[in-house]
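# Overview (structure and organization)
Now for the letters of each chain:
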Amino acid sequence: MRVRYFAWLRERVGAPEETVETEAATVAALVEELRARDEGHALAFADLRAVRVALDEELSDLDAVLAGVREVAFFPPMTGG
């Protein structure tokens, strides 16, 4: 699956996106796998209160099931202006 990172998450991971082979059933399980990859990923996901997620371009949450999902995007909370 394609995993995309935006804003400071991209900076901490060191890449805008990556292809991930995973057996994770939920977004939360995927995050745990990503955290274990390296220090950059661990830092990016250190505080999940500051991370939002979209599955196939639809806002979702960490408990969401990944079955059939092709793209996961992580980004910080946004505010309007």
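Right above here is the structure, for reference.
So, here's what we can say about the structure. Source: prediction; values computed, not measured.

Procedures and definitions
- Residues numbered from 1 in each chain as written.
- Predicted model: local features only at pLDDT ≥ 70, side-chain atom pairs only at ≥ 80, totals over all residues.
- Heavy atoms only, no water.
- Helix = DSSP H or I, 4+ residues; strand = E, 2+ residues; numbered from the N terminus.
- Rg over C-alpha atoms; globule rule 2.2 N^0.38 Å.
- Buried < 20%, exposed > 50% of the residue type's maximum accessible area, 1.4 Å probe, protein only.
- Areas by Shrake-Rupley, 256 points an atom, 1.4 Å probe, with all protein chains shown as cover.
- Lys, Arg positive; Asp, Glu negative; His and termini not counted.
- Charge placed at Lys NZ, Arg CZ, Asp CG, Glu CD.
- Phe/Tyr/Trp six-rings, centres within 6.5 Å; stacked < 30°, edge-to-face > 60°.
- Core = buried A, V, L, I, M, F, W, Y, C linked by side-chain atoms within 4.5 Å.
- Pairing = 2+ DSSP bridges.
- Axes fitted to C-alpha atoms, helices over the stretch in contact; angles between N-to-C directions.
- Contact = heavy atoms within 4.5 Å.

## Quick word on the overall build of the protein chain
Summing up its helical and strand segments, the protein chain has 3 helices and 5 strands in all. Listing the helices and strands of the protein chain from first to last along the sequence gives β-α-β-α-α-β-β-β. For 81 residues, the compact-globule formula gives about 12 Å, and the C-alpha radius of gyration of the protein chain, at 12 Å, lands near that figure. Taken along the three principal axes of its C-alpha coordinates, the protein chain extends 35 × 30 × 20 Å. The 81 residues of the protein chain split such that 35% are buried. Surface accessibility of the protein chain: about 5000 Å² in total, with carbon and sulfur atoms responsible for 50%. Computed over 9 positive and 16 negative side-chain charges, the separation of the two mean positions in the protein chain equals 5 Å.

## Considering the packing of aromatic side chains
Applying the stated criterion across every chain yields a total of 3 aromatic pairs. Judged by centre distance (6.2 Å) and plane angle (15°), the rings of Tyr-5 and Phe-74 are stacked. Within this pair, whereas Tyr-5 is found in strand β1 (residues 2–5), its partner Phe-74 is found in strand β5 (residues 71–75), the two being separated by 69 residues in sequence. Accessibility expressed as a relative area gives 1% for Tyr-5, which makes it buried. For Phe-74, a relative accessible area of 0% gives the class buried. Every member of this aromatic cluster is reached through a ring pair, and the members are Tyr-5, Phe-45 and Phe-74.

## Concerning the nonpolar core
With 20 residues, the main nonpolar core has Leu-30, Phe-45 and Phe-74 as its most contacted residues. Counting residues per element, this core draws most heavily on helix α2 (residues 27–35), at 4 residues.

## Quick notes on the sheet that holds strand β3 (residues 52–55)
Pairing between sheet strands relies on hydrogen bonds along the backbone, with the strands arranged either parallel or antiparallel. Sheet architecture is open: 5 strands sit in the order β2-β1-β5-β3-β4, paired in mixed fashion. In this open sheet, the two strands that pair with only one neighbour each are β2 (17–19) and β4 (58–60). Along the sheet, successive strands turn relative to each other by an average axial angle of 25°, direction set aside. In the packing of α2 onto the sheet, contacts are made with β1, β2, β3 and β5, and the angle to β5 comes to roughly 70°.

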